[in-house]
Amino acid sequence: RAEKIWLTVGLLTMFAFAVVLGVFAFVMGAQPPSDAQAMDPTKVSQTPPFNQPGLKKLGPNNYVADMTAFVFSFAPNRLEVPVGSTVTFNVTSKDVVHGFELVGTNVNMMVVPGLVNSATHTFTQPGDYLILCNEYCGTGHQLMAAHLIVK
Ligand code: CUA
């Protein structure tokens, strides 16, 4: 009798897993997450917020940096925020795949043409933070950098 109960419990568990997997697959299939932010890379310059790349203040010590990558530079290539600021970086590329590494932090993203990647960091120490392209993108790759000044 106990075996029958456990067999039933086992079958029900398997059934529940199958339902969860099915629902998950359906939801993922119905709305690919990246499509919502996809845009034509050649139209990045006309697409808000990337038609006006730069630092935007949301509140005290709270900023958004909308940045674009294009061989072989970032726009903007210099940002300045006060110590203690939290900055969310939204980055996209107008041409090829670039990298976005904020040296000395754990911010490290790929910059994909037409897609927006985001990362947030709080800067508790003053300094000149280097933003590097760490994805080989052509002959000027090693020159591709920007600066974030925290003071
Ligand atoms: Cu851009 Cu390497």
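Quick summary incoming for the structure in this document. (Residues numbered from 1 in each chain as written. Predicted model: local features only at pLDDT ≥ 70, side-chain atom pairs only at ≥ 80, totals over all residues. Heavy atoms only, no water.)

As for the sheet that holds strand E4 (residues 78-81)
For step 1, the next point in the chain: Spatially, the 5 strands line up as an open sheet ordered E4-E10-E9-E6-E7, and their pairing is mixed. Only two strands of the sheet have a single neighbouring strand rather than two, namely E4 and strand E7 (108-111). Averaged over all pairs of adjacent strands, the angle between strand axes in this sheet comes to 20 degrees, irrespective of strand direction.
For step 2, the next point in the chain: The pairing of strand E6 (residues 98-102) with strand E9 (residues 127-132) spans 2 bridges and is classified as antiparallel. Paired with Leu102 across the two strands is Ile131, which belongs to E9. (Pairing = 2+ DSSP bridges. Helix = DSSP H or I, 4+ residues; strand = E, 2+ residues; numbered from the N terminus. Axes fitted to C-alpha atoms, helices over the stretch in contact; angles between N-to-C directions.)

Some thoughts on the packing of aromatic side chains
For step 1, the next point in the chain: Using the criterion set out here, one finds 4 aromatic pairs in the structure.
For step 2, the next point in the chain: For the ring pair Phe74 and Phe100, a centre distance of 5.9 Å and an interplane angle of 85 degrees mean the geometry is edge-to-face. You can see Phe74 sitting in strand E3 (residues 73-75) and its partner Phe100 sitting in strand E6, a full 26 residues away along the chain. Accessibility assignment for this pair places Phe74 and Phe100 in one class, buried.
For step 3, the next point in the chain: With 5.0 Å between their ring centres and 75 degrees between their planes, Phe123 and Tyr129 make a pair best called edge-to-face. By the burial criterion, Phe123 is buried, and Tyr129 matches it.
For step 4, the next point in the chain: Directly above the aromatic system of Phe70 lies the positively charged group of Lys94, at a separation of 5.5 Å from the ring centroid. (Phe/Tyr/Trp six-rings, centres within 6.5 Å; stacked < 30°, edge-to-face > 60°. Buried < 20%, exposed > 50% of the residue type's maximum accessible area, 1.4 Å probe, protein only. Lys NZ or Arg CZ within 6 Å of the ring centre and 35° of its normal.)

Here's the deal with the pattern of salt bridges
For step 1, the next point in the chain: Under the definition given, this model contains 4 salt bridges.
For step 2, the next point in the chain: Between Arg78 and Glu80 there is a salt bridge whose closest N-O contact spans 3.3 Å.
For step 3, the next point in the chain: A salt bridge links Glu80 to Lys151; the shortest N-O distance between them is 3.4 Å. Of this pair, Glu80 sits in strand E4 while Lys151 sits in the segment after strand E10 (145-150), and the two are 71 residues apart along the sequence. (Salt bridge = Lys/Arg side-chain N within 4 Å of Asp/Glu carboxyl O.)

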